[in-house]
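Breakdown of the fold
The primary structure of each chain is shown beneath.
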Amino acid sequence: MYKNHVIATKNELRTSPFGVRTRNGRKEQHNGWDCVCENRIERTSNIDVIAFADGEVVSTAKDFVMGNYVNIAHAGGFLTCYRHLKDNSIKVKQGDTVKAEQPIGLMGTTGDSSGVHLHFAVKVNSSNISNGSYVDPEPYLTGAKSIGSGTQSAPSNTALKVGDMVRILPTADKYVTGETIPIRLKGATDEIMQLSDTSRNPAIRNADAVLLKHIYSWVKKSDVQKI
Ligand SMILES: [Zn+2]
């Protein structure tokens, strides 16, 4: 039924949609989308949860509500979240680059969960779980909407100019100087202060890069996206 997938069996059966729902007699906002396997015989067996799209693992931990969880940042400020994973099943760690459909852990029922299922959430304008806002994952699963892929490059880089606001792509790796870009800056937004073609240093001038207001090193133009 779905075009894009979050479990390896690719037969997601939605058990709870995004939005307001009644649970234990109380109304609550469900910030994600729940599924099990369509063939419920598979429900209790070891089903791989897979990354929705290319991206970078920004956090993974255990929480009493979310259970074992993985959060993946994607290009364009998208974040996908996978919760209630089985104990000791998480296969990725913070900083790992993942490909679409790569297994990241097993479906489980850890945290505030009443049975084996996957809670999948999508955030926009987000670089980590503490920022951005939750949106309905359903249109991303049906293919009606798409999220940035890790290999996607910024579409309007040739037109970048001083004063533009840009986001550093989650897939950005190194500054022009060769130093590693810290994870906390991936997905961060900042203003362009200078373009490399105005630099007096020939190495910088030829690097096709931008200098941002609060990040004191040159970032490749291909590693930023205008917002
Ligand atoms: Zn849920």
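Now for a description of the structure that goes with this document. (Residues numbered from 1 in each chain as written. Predicted model: local features only at pLDDT ≥ 70, side-chain atom pairs only at ≥ 80, totals over all residues.)

1. Details of the pairing of strand β15 (residues 209–212)
- The two faces of β15 match: Ala209 and Leu211 on one face and Val210 and Leu212 on the other face are all buried.
- In this structure, strand β14 (residues 189–195) lies alongside β15, joined through three bridges in antiparallel fashion. Following the sheet pairing, Ile192 is matched in β15 by Leu212.
- Relative to strand β16 (residues 218–220), β15 runs antiparallel, the two being bridged by three bridges. Along β16, the bridge assignment pairs Ala209 with Lys220.
- As consecutive antiparallel partners, β15 and β16 are separated by five residues. (Buried ≥ 20, exposed ≤ 12 C-beta atoms within 10 Å, placed from the backbone. Helix = DSSP H or I, 4+ residues; strand = E, 2+ residues; numbered from the N terminus. Pairing = 2+ DSSP bridges.)

2. Focus: unusual backbone geometry
- The backbone phi angle of Asn88 is positive, close to 55°, even though this residue is not glycine.
- Note that Asn88 resides in the loop between β8 (78–85) and β9 (97–98).
- Positive phi is not limited to glycine here, since Glu101 has a value of about 70°.
- Inspection of the secondary structure assignment puts Glu101 in the loop between β9 and β10 (103–106).
- Since 17 C-beta atoms lie within 10 Å of it, Glu101 is described here as partly exposed.

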